[in-house]
Amino acid sequence: YHFSVRGPIVHDLQYTFMRDWFFMTDEDPAILLKEDNFPPLGPVGDQAIRVVNGGPASEMESIADVFFMAIVAARRQVLAVTPYFVPHRDIVGAMRAAALRGVDVKLVVPKYNNHVAAGFASRALYEDLLNAGVRIFERRPPFMHAKALLVDDVFAFVGTSNLDVRSFRLDYETNLAVCDARFAEQLKELVLEDIGLSDEVDMAVWIKRSSRERMMENLCSLMVPVL
């Protein structure tokens with residue numbers, strides 16, 4: 001998914017890039033931190049948007065916290081789209097709890113993952129989610145690399161982060177938290193398009209998968225911290 005961003009939030013994104021750039025290069029930030037590069041930007045629209053960053057230099061897993069809190073706060077629907085689904089157990093628990101209290105929880109992942117180990121590790125989580133009532137949709141090829149979380153048609157969380165431990169702890173990621181019903185409606189249309197191009201995982205079929213598949217899932221799940 002791609003988005004055009006205007007207004008003061010652009011400065012936050014610029015600063016995020018500069019912070020990571022100068023952390024890696026050790027260059028003098030004064031080279032780019034000038035008024036010409038950061039002209040005054042007035043409000044554009046009335047959406048409430050905030051940048052949420054994550055990375056190994058951060059003391060807190062801010063992106064993981066937003067995912068968790070948004071799912072916990074859901075009252076009607078959670079739509080989650082990610083190419084790699086190997087999150088903390090607490091996020092899996094939050095999704096299960098939401099489904100058990102009657103929230104419509106849908107997860108969209110690729111049918112065939114380009115990272116074989118991540119794909120098997122993801123599938124190791126299916127049964128717990130399906131048992132709680134979470135609906136899982138596997139997007140048919142071409143490979144889906146979209147990442148988004150949509151809650152109750154009003155809150156959207158979009159950006160570079162996958163729903164996996166690597167994005168939460170190891171990689172530099174930048175997401176936008178957007179509170180706006182109009183934006184959420186447009187994003188939902190995209191998510192529903194992907195669901196329409198997906199095959200839903202059927203629990204009755206899933207539990208009959210081979211012993212070899214189960215073994216690979218359990219083996220790859222041991223590598224979750226580095227996937």
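Just above, that's the structure.
Residues numbered from 1 in each chain as written. Predicted model: local features only at pLDDT ≥ 70, side-chain atom pairs only at ≥ 80, totals over all residues. Heavy atoms only, no water.

Some words on the overall build of the chain
Line of reasoning, step 1. Of regular secondary structure, the chain possesses 9 helices and 10 strands.
Line of reasoning, step 2. Whereas a compact globule of 227 residues would reach a radius of gyration of roughly 17 Å, the chain reaches 19 Å, a difference of no more than 12%.
Line of reasoning, step 3. Counting only contacts in the chain whose residues sit at least 6 apart along the sequence, the fraction spanning at least 24 positions is 81%.
Line of reasoning, step 4. Taken together, the 24 basic and 31 acidic charged side chains of the chain have centroids lying 8 Å from each other. (Helix = DSSP H or I, 4+ residues; strand = E, 2+ residues; numbered from the N terminus. Rg over C-alpha atoms; globule rule 2.2 N^0.38 Å. Contact = heavy atoms within 4.5 Å. Lys, Arg positive; Asp, Glu negative; His and termini not counted. Charge placed at Lys NZ, Arg CZ, Asp CG, Glu CD.)

Let's talk about the pairing of strand β6 (residues 148–151)
Line of reasoning, step 1. Of the two faces of β6, the one carrying A148 and L150 and the one carrying L149 and V151 are both buried.
Line of reasoning, step 2. Relative to β6, strand β2 (residues 77–81) is paired through 4 bridges, and the arrangement is antiparallel. Bridge pairing links V78 to V151 in β6.
Line of reasoning, step 3. With 4 bridges joining them, β6 and strand β7 (residues 155–159) adopt antiparallel strand pairing. Of the residues in β7, the one forming a bridge with V151 is F155.
Line of reasoning, step 4. Two successive antiparallel strands, β6 and β7, enclose a turn made up of 3 residues, where D152 displays a positive phi of approximately 55°. (Buried < 20%, exposed > 50% of the residue type's maximum accessible area, 1.4 Å probe, protein only. Pairing = 2+ DSSP bridges.)

Description of a nonpolar patch on the surface
Line of reasoning, step 1. Together, L219, L222, M223 and V226 make up a nonpolar patch on the protein surface, roughly 410 Å² of accessible area in all.
Line of reasoning, step 2. When you line up the elements, V226 lands in the segment after α9 (211–221). (Patch = residues over 30% accessible without salt bridge, like charges linked within 9 Å, V, L, I, M, F, W, Y side chains within 5 Å. Areas by Shrake-Rupley, 256 points an atom, 1.4 Å probe, with all protein chains shown as cover. Salt bridge = Lys/Arg side-chain N within 4 Å of Asp/Glu carboxyl O.)

A word on the side chain of S198
Line of reasoning, step 1. You can see S198 is positioned in strand β10 (residues 198–200).
Line of reasoning, step 2. Within the local environment of S198, its side chain forms a polar contact with the backbone oxygen of D194, the two atoms lying 2.5 Å apart.
Line of reasoning, step 3. In contact with S198, not counting residues within four places along its chain, are V108, F137, E138, R139 and R140. (Polar contact = N/O pair within 3.5 Å; in protein donor to acceptor, adjacent residues only side chain to side chain.)

Things to note about empty space enclosed by the protein
Line of reasoning, step 1. Applying the stated rule across the entire model yields 1 cavity of 30 Å³ or more.
Line of reasoning, step 2. Considering only enclosed or pocket space, the largest cavity measures out at about 50 Å³ in volume.
Line of reasoning, step 3. Along the wall of the largest cavity there are 13 residues; nearest its centre are F67, V81, K147, A148 and S161.
Line of reasoning, step 4. With 3 residues, β7 is the largest single contributor of residues to the lining of the largest cavity. (1 Å grid on protein atoms, 1.4 Å probe; cavity = no way out; pocket = protein on both sides within 12 Å on 5 of 7 lines; lining within 4 Å. Points joined across faces, edges and corners; volume = space filled by probe spheres on them.)

What about the pairing of strand β9 (residues 173–179)?
Side-chain direction in a regular strand flips from residue to residue, so the side chains alternate between the two faces of the sheet.
Line of reasoning, step 1. Across the 7 residues of β9, 6 count as buried, placing the element largely inside the fold.
Line of reasoning, step 2. Bridge count for strand β1 (residues 48–54) against β9 is 7 bridges, and the pairing is antiparallel. Counted as the bridge partner of A48 is C179 from β9.

What to know about the pattern of salt bridges
Line of reasoning, step 1. Scanning all chains against the criterion turns up 16 salt bridges.
Line of reasoning, step 2. Of the charged contacts in the structure, one is a salt bridge between D180 and R182, with a shortest N-O distance of 3.7 Å.
Line of reasoning, step 3. The exposure class of D180 is buried, given its relative accessible area of 9%.
Line of reasoning, step 4. Look at the salt bridges and you will find they share partners, linking K111, R123, E138, R140 and D199 into a network.

Concerning the layout of surface pockets
Line of reasoning, step 1. Size it by volume and the largest pocket reaches roughly 460 Å³.
Line of reasoning, step 2. Around the largest pocket, the lining is made up of 18 residues, and of these S4, R6, V44, Q47 and I49 lie nearest the centre.
Line of reasoning, step 3. Listing elements by their share of the lining of the largest pocket, those giving two or more residues are β9 and α7 (181–196).
Line of reasoning, step 4. It is α7 that provides the largest number of residues to the lining of the largest pocket, a total of 3 residues.
Line of reasoning, step 5. Here the residues of the lining of the largest pocket sort into 11 nonpolar, 4 polar and 3 charged.
Line of reasoning, step 6. Approximately 270 Å³ is the volume attributed to the second largest pocket.
Line of reasoning, step 7. Along its surface, the second largest pocket is lined by 14 residues, and Y1, F3, V158, G159 and T160 are the ones closest to its centre. (Nonpolar A, V, L, I, M, F, W, Y, C, P; charged D, E, K, R; others polar.)

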